[in-house]
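# A structural walkthrough
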Amino acid sequence: VGGHFPAICVCLHVCTCVCAIEIILENNLNTDVLEELAENSEFNESKGPCLAFRRAASVLKSLPSAVHCLGAIQGLPCLGEHTKAVMEEILIFGRSFKVEEVQSDERYQALKLFTSVFGVGPKTAEKWYRRGLRSLKEILAEPNIQLNRMQRAGFLYYRDISKAVSKAEAKALRSIIEETAHWIAPDSILALTGGFRSHRGKEYGHDVDFLLTMPEMGKEEGLLLRVIDRLRDQGILLYCEHQGSTVDMSKLPSRRFEAMDHFEKCFLILRLEEGQMERDGGLQKDPGESRGWRAVRVDLVATPVDRYAFALLGWTGSRQFERDLRRFARKERGMCLDNHALYDKTKKLFLPATSEEDIFAHLGLEYVEPWQRNA
Ligand code: TTP
Ligand code: MN
Ligand code: MN
Ligand code: MN
């Protein structure tokens, strides 16, 4: 970049989207950096800036090609002055000082590290930081810290669950859980959701998400607990946090629609054998760690079949896509959409759906494929 510096300065001022000199800058570089700023704002409880950076990252991700000059982003929506300032720095200097300042901040580093533990949220992380703790070792060595069950599991399997989950591993887990569910109820339906459904070309995830249902209403009751028991019997259940259903359809229209849903679900850590992955092909072995298995985070949600399409749409993500879709429903259509239902406020009725296509149709939108939802 250094050598082209003067030319780029000119470019920034007279840029008309066609740059004399192309600076190779992948959008990914921009968006990773913006996600970090979003995270930092989250730690600082600045909800506004956090959403602004996330939204900006989404917009950049949805561009067909990399951004080479500021002119190329001039007309784009949702890019605030902070985002533009960061991008300007990157385009001129090849790095952002604002981002580097955040990255080297002691508090940011500690909070990022602490919240990387399963079961540790920003509040707990902040508490630990205020007590002067800076490393995971220090937390484990601190006698006055009471870890809850989830956090204990988080520390116990920290190395494994911070390691990305591959597509092959997700596939293997799908087979295991599907087999288990079918053993209990042969007509049960298991769908892959989350990043492994929505991310085209994304080979890795932080966990694997599934949705479970039965073709007949009510038959799903008790199924999830039996699946969990069966996984335990097979010796592959390392951790399970089960939440019963708190869905109350009579309350929905009057309530504020929230991010967290009320379906029965469990947050799991499962033991995945290497042999299991080899059977499904595509195992990449790490010669340094050949104990023969790894721990993987799995989310498993159970819904009655009449809620299935809404849950599938809600759990496929991305979070930003869900946020935007809900906002569109509210602002443009006068409807309330969440993981459970779609409610028409003008007609005062729930709109039924048996597929995601039905939901998009109710919203007057063209169907959006899962892989087009990851911005
Ligand atoms: P995640 O598993 O957190 O995210 P992801 O699968 O897109 O990416 P990765 O796991 O690789 O980091 O959540 C999946 C989707 O489910 C996401 O769109 C948010 C949604 N979700 C809910 O609707 N309710 C919930 O309670 C949770 C935890 C997630
Ligand atoms: Mn996921
Ligand atoms: Mn994701
Ligand atoms: Mn998940």
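Right, let's walk through the structure included here. (Residues numbered from 1 in each chain as written. Chains lettered and ligands numbered in written order. Predicted model: local features only at pLDDT ≥ 70, side-chain atom pairs only at ≥ 80, totals over all residues. Heavy atoms only, no water.)

Here helix 15 (residues 308–316) crosses helix 16 (residues 319–333) at 125°, and the two axes come no closer than 7 Å. Here helix 15 lies oblique to helix 16, going by the angle between them. Along its contact with helix 15, which presents Leu313, Gly314 and Thr316, the element helix 16 presents Phe321, Glu322, Leu325 and Arg326. Classifying every residue of the contact of helix 15 with helix 16 gives 3 nonpolar, 2 polar and 2 charged. (Axes fitted to C-alpha atoms, helices over the stretch in contact; angles between N-to-C directions. Helix = DSSP H or I, 4+ residues; strand = E, 2+ residues; numbered from the N terminus. Parallel < 35°, antiparallel > 145°, perpendicular 65-115°, else oblique. Contact = heavy atoms within 4.5 Å. Nonpolar A, V, L, I, M, F, W, Y, C, P; charged D, E, K, R; others polar.)

Evaluated as defined, the whole model comprises 23 salt bridges. A salt bridge links arginine 54 to glutamate 35, with the nearest nitrogen and oxygen atoms 3.9 Å apart. Of this pair, arginine 54 sits in helix 3 (residues 47–61) while glutamate 35 sits in helix 2 (residues 27–43), placing them 19 residues apart in sequence. Where glutamate 356 meets arginine 197, a salt bridge forms, and the shortest distance between an N and an O atom there is 2.9 Å. Of the two residues, glutamate 356 is situated in helix 17 (residues 356–362) and arginine 197 in helix 12 (residues 195–198); the sequence distance between them amounts to 159 residues. Relative accessible area serves as the criterion here: at 23%, arginine 197 is assigned to the partly exposed category. If you follow the salt bridges from partner to partner, you end up with Glu35, Glu42 and Arg54 in one network. (Salt bridge = Lys/Arg side-chain N within 4 Å of Asp/Glu carboxyl O. Buried < 20%, exposed > 50% of the residue type's maximum accessible area, 1.4 Å probe, protein only.)

Around ligand 1 there are 16 residues in total, and Gly195, His206, Asp207, Arg319 and Asn339 lie nearest to it. Within the side chain of histidine 206, one N or O atom sits 2.6 Å away from an oxygen atom of ligand 1. Between an oxygen atom of ligand 1 and a side-chain N or O atom of aspartate 207, the distance comes to 2.7 Å. Residue classes in the shell around ligand 1 are distributed as 3 nonpolar, 8 polar and 5 charged. (Near = heavy atom within 4 Å. Polar contact = N/O pair within 3.5 Å; in protein donor to acceptor, adjacent residues only side chain to side chain.)

Moving on: the coordination of the manganese ion (ligand 4). Taken together, Asp207 (OD), Asp209 (OD) and Asp299 (OD) make up the full set of protein donors to the manganese ion (ligand 4), lying 2.1 Å away. All donors to the manganese ion (ligand 4) come from one chain, and their sequence spacing reads D-x1-D-x89-D. (Donors = N, O, S within 2.8 Å, 3.2 Å for Na, K, Ca; no water.)

Strand order in the open sheet made by the 3 strands is 8-9-10, with antiparallel pairing throughout. Among the strands making up the open sheet, the edge pair consists of strand 8 (335–337) and strand 10 (349–350). Examined bridge by bridge, strand 8 and strand 9 (residues 342–344) share 3 bridges and lie antiparallel to one another. By the bridge assignment for strand 9, leucine 337 is matched with leucine 342. (Pairing = 2+ DSSP bridges.)

This part takes up the side chain of threonine 180. By secondary structure assignment, the location of threonine 180 is in helix 11 (residues 167–184). Sequence-distant contacts of threonine 180, defined by excluding residues within four places in its chain, comprise Val227, Arg230, Leu231 and Gln234.

Our focus in this paragraph is the packing of helix 6 (residues 106–115) against helix 7 (residues 122–130). For the pair helix 6 and helix 7, interaxial distance at closest approach is 9 Å and the crossing angle is 130°. Compared by their axis directions, helix 6 and helix 7 come out oblique. Two packed elements cross with a definite hand, and for helix 6 against helix 7 that hand is right-handed. Two secondary-structure elements touch here, helix 6 through Glu106, Arg107, Ala110, Leu111, Phe114 and Thr115 and helix 7 through Pro122, Ala125, Glu126, Trp128 and Tyr129. Class assignment of the residues belonging to the contact of helix 6 with helix 7 gives a composition of 7 nonpolar, 1 polar and 3 charged. (Left-handed = near helix turned anticlockwise from the far one by under 90°.)

What follows is about the nonpolar core. Ranked by internal contacts, the top residues of the largest apolar core, which has 37 residues, are Phe114, Trp128 and Ile139. At the level of secondary structure, the elements contributing two or more residues to this core comprise helix 2, helix 3, helix 4 (81–93), helix 5 (97–103), helix 6, helix 7 and helix 8 (136–141). A total of 6 residues in this core trace back to one element, the largest contributor, which is helix 3. Counting contributing residues, this core receives three or more from each of domain 1 (2–103) and domain 2 (109–156). Excluding anything up to four places from it in sequence, isoleucine 139 contacts Phe114, Trp128, Leu133, Ile145 and Phe155. (Core = buried A, V, L, I, M, F, W, Y, C linked by side-chain atoms within 4.5 Å. Domains from an automatic or database assignment.)

The values reported here are purely geometric and, on their own, carry no functional implication.
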